[in-house]
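What follows is each chain in one-letter form.
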Amino acid sequence: MGDDSEWMKLPIDQKCEHKVWKARLNGYEEALKLFQRIQDEKSPEWGKFLGLIKKFVTESNAVAQLKGLEAALVFIENAHVAGKTAGEVVSGVVTKVFNQPKARAKELGADICLMYVEIEKAEVVQDELLKGLDNKNPKIVVACIETLRKALSEFGSKIVMLKLVVKVLPKQFESREKAVRDEAKLLAVEIYRWIRDALRPPLQNINSVQLKELEEEWTKLPSSPPKQSRFLRSQQDLKAKFEQQQAQGGEQSDGEDEEQAVAAVDPYDLLEPVEILSKMPKDFYEKIEAKKWQERKEALEAVEVLTKNPKLENGDYGDLVRALKKVVGKDANVMLVSMAAKCLAALASGLRKKFGSYAGQVVPTILEKFKEKKLQVVQALQEAIDAIFLTTTLQNLSEDILAVMDNKNPSIKQQASLFLARSFRHCTQATLPKSLLKPFCAALIKQVNDSAPEVRDAAFEALGTAMKVVGEKAVNLFLADLDKLKLDKIKECADKVELPGGRKGAAGGAAEKKPGAKAAPAAEPPSRSSAPPKKTQTAAASKPSSGPPKKGKAASSAGGKTKKTSDSKEVAETELSPEACEDLAAGVLPASCLQQLDSANWKERLASMEEFQRAVETMDKAVMPCQALVRMLAKKPGWKETNFQVMQMKLHIAALVAQRGQFSKTSASVVLDGLVDKIGDVKCGGNAKEALTAVGEACSLPWTAEQVVSMAFAQKNPKNQAETLNWLANAMKEFGFAGINVKGFINNVKTALGATNPAVRTAAITLLGVMHLYMGAPLRMFFEDEKPALLSQIDAEFEKMQGQSPPAPTRFTKKAAAEEEGDEGEEQDEDGGGGGGGGQDIMDLLPRTDISDKISSDLVSKIGDKNWKIRKEGLDETAAVISEAKFITANIGELPLALKGRLGDSNKILVQQTLSILQQLAAAMGPGLKQHVKALGFPIITVLGDSKPNLRTAAMVTLQAWVEQTGMKDWLEGEDLSEELKRENPFLRQEVFGWLSEKLPTLRTVPGDLMLCVPLLFTCLEDRNADVRKKAQDALPTFMMHLGYDKMIKATGKLKPASKDQVVAMLEKARAVMPAKPAVLAKSGGGKGSAEPSRAPSASRSAAASEDFSDSKSEPKKVRGGGGAAKKGPAGKKPGAKGQKDEEDKSGPIFILIPNAKEQRIKEEKQLKILKWNFITPRDEYVEQLKTQMSTCFAKWLQDELFHFDFQRHVKAIGVMMERLESESDATISCLDLILKWFTFRFFDTNTTVLMKVLEYLKLLFAMLNRENYHLTEYEANSFVPYLILKVGESKDVVRKDVRAILTMLCKVYPASKLFPFLMEGTKSKNSKQRAECLEELGCLIEGYGVNVCQPTPAKSLKEIAVHIGDRDTSVRNAALNTVVAVYNVCGDQVYKLIGNLSEKDMSMLEERIKRSAKKTHAAAPAKQNAAEKTQREHPTNPNATFLRKPAQEDPNKLNHSRQNAQHNEPSHPSIPKEFQLDLDMIERDQSRVSELPDLVQHKLDELLEPIMIPEPKIRSVSPHFDDLHNSTASTINFVISQVASGDISTSIQALAQIDEVLRQEDKADVMSGHIDQLLIATIMQLRLINSRYLAHDRVDKRDVIKLYSCIIGNMLSLFSVEPLAKEASVGVLKDLMHGLITLMLDSRVEDVEDGTQVIRSVNLLVIRVLEHSDQTNMISALLELLQDTLISTVVSSTFSELIMKCLWRMIRLLPETINSINLDRILLDVHNFMKVFPKEKLKQLKTDVPHRTLKTLLHTLCKLTGAKILDHLSMIENRNESELEPYLRRVVKQYGNLSGSKSDRGNEKGGLRTDDHMSKAKVSDVLSEIFKKIGSKENTKEGLMELYEYKQKYSDADLEPFLKNTSQFFQSYVERGLRMIESEREGKTRIQSSSVIPQHGVDSSLSSNNDELKPAVYYERLKILRQRQGLENTSRQQGVGGNEDEPPQRPAISSLLSSKPPVASSTDMLHSKLSQLKESRELYQQEHNAHANSPTHGRSAPANLDDLKKRLERIKSNRQ
């Protein structure tokens, strides 16, 4: 016993684990007692045993095990934490208990399993039991089956997932063990009890004997459905109910339960899907097209067998469906038709909802085929169409059915109606809304009157079924025109109809018992009301403008009243005869009144009117004969009454009668004419309007409006027309817009817009403004073709209405039937209207074109062609068809499948094009798009998985465009979305979840299928891709908002334990930020509404209906989307007012200025009362702390926005803060620390939109702080700067640029030396971009403030910086080197001491960089820098600084201005030019060597000035020495130019302004020389940017775009006014520039913008200037190339090429003046190239002959101007024999008679030579190689060149290419120049006088020996510099000092004598070639002295190298000394 006593002392839990079994037994016994004692289920005692329960169960000792099981059972029953142990314990039970021989152990094991089920762990238990079925031990298998059976028997089929059980059941019937088979049989019987016949299909393949036994057992079962007898903990209410029923022994709720049981399991769900596509015969598609019907039959038979599988795997069945459809539609063999129909039926039932996307293609074909008479075919077709109906909705098929309802063939009509009847049976009130029923009833009513009896019967049956489903009342609305016989027939049919599942239709049952319930017949049951709906006169106003427009028929009276039927429709009245009217009037009016009505005396008439009025006022409504009274008013003189007092009375009485009586349309038509006639009258107009309003109240505004407007426009009186429109605009505001038939009077409005009278036009525009309030943007569609001027007025009016909400209606149609509104509201709710009803309404009004006939099979096959070019053609055609049709119906033939194929195209360009077509489709089709969501919508989502970001962006834009039209419901229904998410594509997942997190918060309800996406959402929460995780986390709260926290938590049950913990934690977090569902906006309050609370639910629902699946952003559109609130009649005024109040709240200050609050916060942080602002990522406690601190000094609404879950709210809040920045600057400063802290959170967001907005605000903020002279405190800087520096490493350029700009501005409000350590910290980041940018910034600081800015000491900082020279990232290395170089520039060689020891490699890199930096640094005196702590930066010590950023001075330097781009809204600084000047002056001051020049030559000035006393006022080019002065500005200019192409509009504008400033000042314009191509390229890039991004993007303010355009155009105009600069533009750049400008001229989007037309006019002017002033050769070349490109391209419009040709014609017109300056060789080469691409034949084949004519004219003009000489200019064309050009020119020259005459002997001689080509090729090559040898040798080079020149003269077509091909570029240039010099000498055209030569690149050093010759030129150059300094003009470069001014400039023979020119580079290549040009210019310099003196292409040569010029200048100085 000693042993025993040891363990007896142990605590219970230790005993249970003891190694002695007795100890364990004792432990279990005590645990059992303990468990029975513990009362509290959450007691901590339970937790001690949590890990032991599995051991209780798996005990190895049989005796102890029994006790352990008992204890475990009690634990599970009572412990709150027991659920956690379910998996391990049940697994233990299965493996260690079910195999025990003792029955008691098994029983306890089963009880434990069932107890777990009771505590909500059914899924875990079931999983473990099913795993047990695979155990090898049959005992375990039997026990598992038995336990499953018990669970099912007790808990029922809703708790036990039968699908999984049924799946494994057949396998158990095959077991060898009889016990297993018997148990399986018992389980099968139990399952059958619950799901009946649904079990048959899964068991159809088991042994027939077993199946027979089962059948016998099944028949013995009772027919009453089983009931759940044991309940989960969450089902205690059901338990109580069950117990109560047991006590009563009642069977009361049998019916209800039965239905539930029936609905519980669908046999389909229990089946395994079968994959059949791969099993189809390989030759199926060939066979199905075969000629022999037997082969086609074989193909169909094979498919029929496969499709018989009851459940099919999802896949792409498109091709199969198309093939079957073709057989049904086209095959002549009826047997095959019925086979194909059967296959379709089987496919539909096997795929169910997944077949929905094909339904639209097949149904029209089947309906058409019903013309077939054979019964078997008809039956097969019926089966097919019925099966297909179940896969889609009636809504989707409605258009197809309605299309055949008026077919000529009676069989088709009959079968369509019968199909409708069968379909209606499957509908409910909810799925058969009025909007759907109305068109069907209209069509069926036509058929009720059909001549064919079978058609009539079918129509009766359909109408009867509809009546049964939605109730008699709902259908009666549409049956007004039927006689009683037919109505009875319909009712009779309705009684016969039996709905499936024993449903009772709306016509029977409860609704009949309580008539009041009909107030809201279409509502769902909960909103039915039993209160009598008396005052339901919220007429059509109850909704903004939903549903199809009612044309007056809508005015039926309130339902539910027991009135005679005539009253329940609108008051219809027969016209009375005049006599009858008089009799009726005599009965109610005094006799005297009637007698004096037509008296000649006006006073008597007036008296009569007064009596009339009194009588009407006292008359009873019931007896008032309205028609008689108004006819009396119209009695002579009637409306022609001349006395205005009488007339006023008459109009007033007409209003009274309308208001007080039962006024019908018949009565209205008597008065309306008169009222309209008087509406424009000055005195009576007011009364007439009043009367019209009264008529509107009586007869509904829509009807009245239509009548009145058409009457007014039938007259010619403009005053009446204008006033009618004014009245209507006002009436719309008073009545609301509901039911108005816009089409009814839109044509009259168009007439009014074109009226000559301005008042009519103004009235029309005002009316459109009011309509725009209700209808929104689509209204503009009606007026797109109006004149631009008018359109701009309309747009301006619309603009005024932007943001306004429609007023609440104050008037209502008296008799608008109450039930009308109730239903209308519902109807919209059912539809889940996408985007406020108004939008949908107008979409219904637009005239739509059916384009299905244009979608031919050819087009479809083109789209699917193998050749991508043909596919592209097909897509182009499709786009053209859609854009031509503008608005289209939903029927687009086979286009959806064709386009779906292209979305997966391997050619991404085509995918992009397809996406843009789908966007086009969305706009064109409108709401009809819904039916294509499944077929075409989801493939768009697939594209979101593409790896290319531009494609993903395009797909997202397309998706948004679709959702705008369809609403979200269709996207969330079914499995399609979850199927897409199953693709393991990170891009797709992040895009889809991002999209869902944006859309879900705007929805009020979502389909339950959203739940299918939850498992995938959970998977993505742990995805390896960070973006996917982030987006999934963002989406989590939005899912939870719809599905609820509990459902989501339950769904985590299937996750692995590790994942589960993580996901549950995320769910907890998401729960905290879960957005609220969009509120139902309407509230019924006050006034009449409150008298009927019963109406409130339906009213509020109708209001919010429009929001249902709307994806409108909830804020801006509140009032239009869901704002039915405002239109709820008098009741609605309150919410409206409340809304206003909210707005007013927002108008208060957003920051509250609390004295010393900031100091208090600083103090608290110092004392550690609050958290110090320091974190890696923001934790919740920081967020909470900031919220608390903000609550005292931020407006409540602003704080809510700032901490809202939706990022768009953040953007909105920052927008408000920007607006209030100036007005609340003091308060902003007082809250500055909190504002900056909030922004640090935003730096951790990944949303770029928010980030850009944040940076924009910060720039404005720091600019404001600088103006206010505020200095940041340490506290503010510490909590903000480190987080800002994180963002400097952002991957997006724009962000980095903005952050750098902010850092620059920060230095003005915070000392740079204190900023330095933060940046040093930033260089330690892991992000290489951040390291590089921080180092750059440090360099800028050192450059701006000197070395003392380095903290704590320069040495320490620089050592740390120098470490980065060895960084592995190139950009970091470069930045570090540049920073050290910046230090070197400031303090010279001392830098080597400061940086300490570097590795050899790093040191050599640094030395190399210091050498390379073009600086000659003068060590900056540190004394100067001592003021470094001033917040303004000093000027850099050296202007040639390494870093482009010039630090700011007090008056900020202009470039800095542009870099900071801090103030978006400020115009460019007015003093900019001065600063630009200052920059230059400073540079000149610095260049001390140059500035001595004036002293050197001062005494010679006078004599030098003599030759040219008055300089010619020509624009001169920059002299090379002057270049030297400006070269330091080159980097400045480069920087400004780089900013022209900036992605930020304001930066670009500022840069353009600066350049413009320079260009406009003649004395400075030449600094731009050499930068022209660069500037033009930047401009072209900016134009492309505007075209692709800004114009396409709604968020960009179009006024900014216009401003940018104006700057660009202004800049270009200035540039092309300076001719020398204009001439510098090269061919490639000119080509791109012309392309950009012409594109802009043709861009219709620009015209639509305000001032857009002005921009286009300016572009026109600019193009002319470019043509006239740029280098003519280059220009013609550019235009020829551009024309060639546009003619080749298929995308470019014909207008584009026309404009290019117009430009060419203009150039041709200029030729007579410019011919001498043109390089003909180059132009002829371009023409030759053009003719190569477009030979004469091809040119003639073009659609237009203009290109041919243009080319002809160009050549004729050239021939005319140059004569036969033109043939000498073909030298650049390589193989002239193949060229069409030469023979053509010969013909033309001959024509002008030049070839025969003696004008050009040389020409003849050449001609002769050419004809008798007497030099053999071999000889030629010998001669030439000899010549080239000479040129190559030093001694004979001159001689060689002479010989080559003469040879070229003799054989102008000789080909030098082979000899020059392998030589260097230098040699070729040398030869070219030599030939040119010889030519100019020979022709004697230019006398080269050394005195007159102004060398292009300075003075040739070879001349320096010849002092005498040198001096004048050198001094002249110096003089030029001085004159430029003093602002005097210089003569142009061409004109030498002693030159002959009269000599005409000569055509240069540039490379005319040499090989062909290289192809033109496009502007982007130009930049790359800059460097090589620089090199070359240095090499070529030696030879260039004479050659370039008269070369007009000088503008393009590269600028001289700086060092070269400096050296040369030194030499000149020494020479002079």
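Note that this is a predicted model, so its numbers are computed, not measured. Residue numbering note: each chain is counted from 1, following its sequence as written. Local features in this predicted model are restricted to residues of pLDDT 70 or higher, and side-chain atom pairs are both shown and tallied only at a pLDDT of 80 or more, whereas totals for entire chains, interfaces and linings draw on every residue. For the side-chain quantities, the full set of heavy atoms in the structure was used; hydrogens and water were omitted.

Visitor: Help me out: how do you make sense of the overall build of the protein chain in this one?
Guide: The helix and strand inventory of the protein chain stands at 106 helices and 0 strands. Per-residue burial over the protein chain gives 53% buried out of 2017 residues. Residue contacts are defined here by distance: any two heavy atoms, one from each residue, within 4.5 Å place the two residues in contact. Looking at the protein chain alone, contacts between residues at least 24 apart form 76% of all its contacts between residues at least 6 apart. A total of about 90100 Å² of accessible surface is found on the protein chain, and carbon and sulfur atoms cover 52% of it. A helix here means a DSSP run of H or I that spans at least four residues, while a strand means a run of E at least two residues long, and both kinds are numbered starting from the N terminus. Per-residue accessibility, obtained with a 1.4 Å probe over protein chains only, is compared with the maximum for each type, and a residue is labelled buried under 20%, exposed over 50%, and partly exposed between these values. For the accessible areas, the method is Shrake-Rupley and the probe is 1.4 Å, while residue cover comes only from the protein chains on display.

Visitor: Just to check I follow, could you spell out the side chain of T1323 for this structure?
Guide: Along the chain, T1323 turns up in the loop between α72 (1312-1322) and α73 (1328-1345). You can call T1323 buried: its relative accessible area is 3%. Distance and chemistry together define a polar contact, namely a pair of N or O atoms within 3.5 Å, with one atom able to donate a hydrogen and the other to accept it when in protein, and with adjacent residues in sequence counting only for side-chain atoms on both sides. Within polar-contact distance, the side chain of T1323 engages the backbone oxygen of M1320 at 2.5 Å.

Visitor: Before we go on, may I ask you to explain the packing of aromatic side chains in this structure?
Guide: Given two aromatic rings, their pairing is described by the distance between the two centres and the angle made by the two planes. Between 30 and 60 degrees the pair is tilted, below 30 it is stacked and above 60 it is edge-to-face, where a pair is any two Phe, Tyr or Trp rings, Trp via its six-membered ring, whose centres lie within 6.5 Å. This model, assessed by the stated rule, comprises 31 aromatic pairs. Measuring from ring centre to ring centre gives 5.6 Å for F1730 and F1734, while their planes differ by 35 degrees; the resulting arrangement is tilted. What makes F1734 buried here is its relative accessible area of 3%. Among the aromatic residues, those joined into a cluster by ring pairs are Y28, F35, W46, F49, F56 and F75. Sitting above the plane of the F987 ring, R952 keeps its charged end 3.9 Å from the centroid. Either the NZ atom of lysine or the CZ atom of arginine qualifies as a charge over a ring when it sits within 6 Å of the ring centre and within 35 degrees of the ring normal.

Visitor: Teacher, can you tell me more about helix α21 (residues 334-351) here?
Guide: Each α-helix winds once per 3.6 residues, and so residues spaced three or four apart point in a common direction. Counted at 1.5 Å a residue, the expected span for α21 with its 18 residues is 26 Å, and the 26 Å between its end C-alpha atoms agrees. Burial within α21 is extensive, with 14 of its 18 residues counted as buried. The residue sitting at the N-terminus of α21 and contributing the capping side-chain oxygen is N333; that oxygen lies 2.9 Å from the backbone nitrogen of M335. Downstream of α21 by a residue or two, R352 has a phi angle that is positive, lying close to 55 degrees. Multiplying 1.5 Å by the helix residue count minus one yields the expected span of that helix.

Visitor: Would you explain helix α77 (residues 1400-1412) in this entry?
Guide: Taking 1.5 Å of rise per residue, the 13 residues of α77 would be expected to cover 18 Å, and the 18 Å separating its terminal C-alpha atoms lies within 8% of that figure. Of the residues making up α77, those classed as buried are D1402, M1403, L1406, R1409 and I1410. What you see down the axis of α77 is that its buried residues fit within an arc of 125 degrees, all on one side. Residues of α77 that are exposed and point over 90 degrees away from its buried face: E1400, K1401, K1411 and R1412. What the arc describes is the spread of directions from the helix axis to the C-beta atoms.

Visitor: Would you mind showing me how to read the environment of E1681 here?
Guide: Among the structural elements, E1681 can be located in helix α92 (residues 1672-1688). Remark: the alpha-carbon pair of E1681 and G1628, spanning 53 residues in sequence, is separated by 9.2 Å.

Visitor: In this structure, what is going on with the packing of helix α54 (residues 986-999) against helix α56 (residues 1026-1043)? I would like to understand it.
Guide: Axis angle and axis distance: for two packed helices, these are the angle between their axes and the distance between the axes, and together they describe the pair. Contact pair α54 / α56: the axes reach a minimum separation of 8 Å and the direction vectors enclose 30 degrees. Regarding the angle of α54 to α56, the classification is roughly parallel. Once α54 is placed against α56, the crossing between them reads as left-handed. Together, P986, R989, Q990, F993, G994, L996 and S997 of α54 and D1027, V1028, K1031, A1032, D1034, A1035, T1038 and F1039 of α56 make up the contact between the two elements. Broken down by class, the residue content of the contact of α54 with α56 amounts to 7 nonpolar, 4 polar and 4 charged. Only C-alpha atoms enter the line fits that serve as axes; for helices the fit covers just the stretch in contact. Angles between N-to-C directions range over 0 to 180 degrees. Roughly parallel here means an angle under 35 degrees, roughly antiparallel means over 145, roughly perpendicular means 65 to 115, and every remaining angle is called oblique. It is the rotation of the near helix from the far one that decides the hand of a crossing: anticlockwise by less than a right angle makes it left-handed, clockwise makes it right-handed. Nonpolar residues are Ala, Val, Leu, Ile, Met, Phe, Trp, Tyr, Cys and Pro. Charged residues are Asp, Glu, Lys and Arg, and all others, Gly as well, are polar.

Visitor: So what exactly am I meant to see when it comes to a positive patch on the surface here?
Guide: Judged by side-chain charge, K1736, K1740, K1752 and R1787 come together as a positively charged surface patch. As for its position among the elements, K1736 is in helix α95 (residues 1736-1741). In this analysis, a patch consists of residues with relative accessible area above 30% that form no salt bridge, clustered at 9 Å for like charges and at 5 Å for the nonpolar side chains Val, Leu, Ile, Met, Phe, Trp and Tyr. Here, a salt bridge means any side-chain nitrogen of Lys or Arg that lies within 4 Å of a carboxyl oxygen of Asp or Glu. For the purpose of counting charges, residues Lys and Arg are taken to be positive, whereas Asp and Glu are taken to be negative. His and the chain ends are not included. Here the site of a charge means NZ on Lys, CZ on Arg, CG on Asp, or CD on Glu.

Visitor: How should I be thinking about the confidence of the model for the protein chain in this particular structure?
Guide: Atom-level detail of predicted coordinates should not be read off regions where pLDDT is low. Confidence along the protein chain averages 76 in pLDDT terms, with 77% of residues attaining 70 or more. Summarising per-element confidence for the protein chain, the mean pLDDT is lowest in helix α31 (residues 565-568) (36) and highest in helix α10 (residues 138-155) (92). The predictor attaches a confidence to each residue, called pLDDT, with possible values from 0 through 100. Every residue in residues 1081-1144 is under pLDDT 50, and counting partners more than four places away or in other chains gives 125 contacts. Here residues 1885-1910 is a poorly scored stretch, pLDDT under 50, and it has 52 contacts once near neighbours within four places are set aside; other chains count.

Visitor: Help me out: how do you make sense of the pattern of salt bridges in this one?
Guide: Where side chains of opposite charge bring their charged atoms close, a pairing between them can arise. On inspection of all chains with the given rule, the structure shows 83 salt bridges. R322 serves as the salt-bridge partner of D319, at 2.5 Å between the closest nitrogen and oxygen. Here D319 and its partner R322 are both found in helix α20 (residues 318-330), 3 residues apart, which amounts to about one turn of the helix. What makes R322 partly exposed here is its relative accessible area of 25%. The salt bridge involving K413 is made with D450; its shortest N-O contact spans 2.9 Å. Linking K413 in helix α25 (residues 410-425) with D450 in the loop between α26 (434-448) and α27 (453-470), this pair joins segments that are 37 residues apart in sequence.

Visitor: Would you explain the environment of I1580 in this entry?
Guide: With respect to the helices and strands, the residue I1580 is situated in helix α86 (residues 1572-1590). For I1580, a relative accessible area of 3% gives the class buried. When residues no more than four places from it in sequence are discounted, the contact partners of I1580 are V1629, D1632 and L1633.

Visitor: Explain unusual backbone geometry to me, please; I cannot follow it from the model alone.
Guide: Trans is the common state for peptide bonds, and a negative phi is the common state for residues other than glycine. A cis amide bond links Q1351 with the next residue in sequence, P1352, at an omega value of -5 degrees. Here P1352 is to be found in the loop between α73 and α74 (1354-1363). With a phi angle near 55 degrees, N1269 is a residue other than glycine that sits in the positive phi range. Residue position: N1269 is located in the loop between α68 (1248-1267) and α69 (1274-1278). By relative accessible area, which is 63% here, N1269 ends up exposed.

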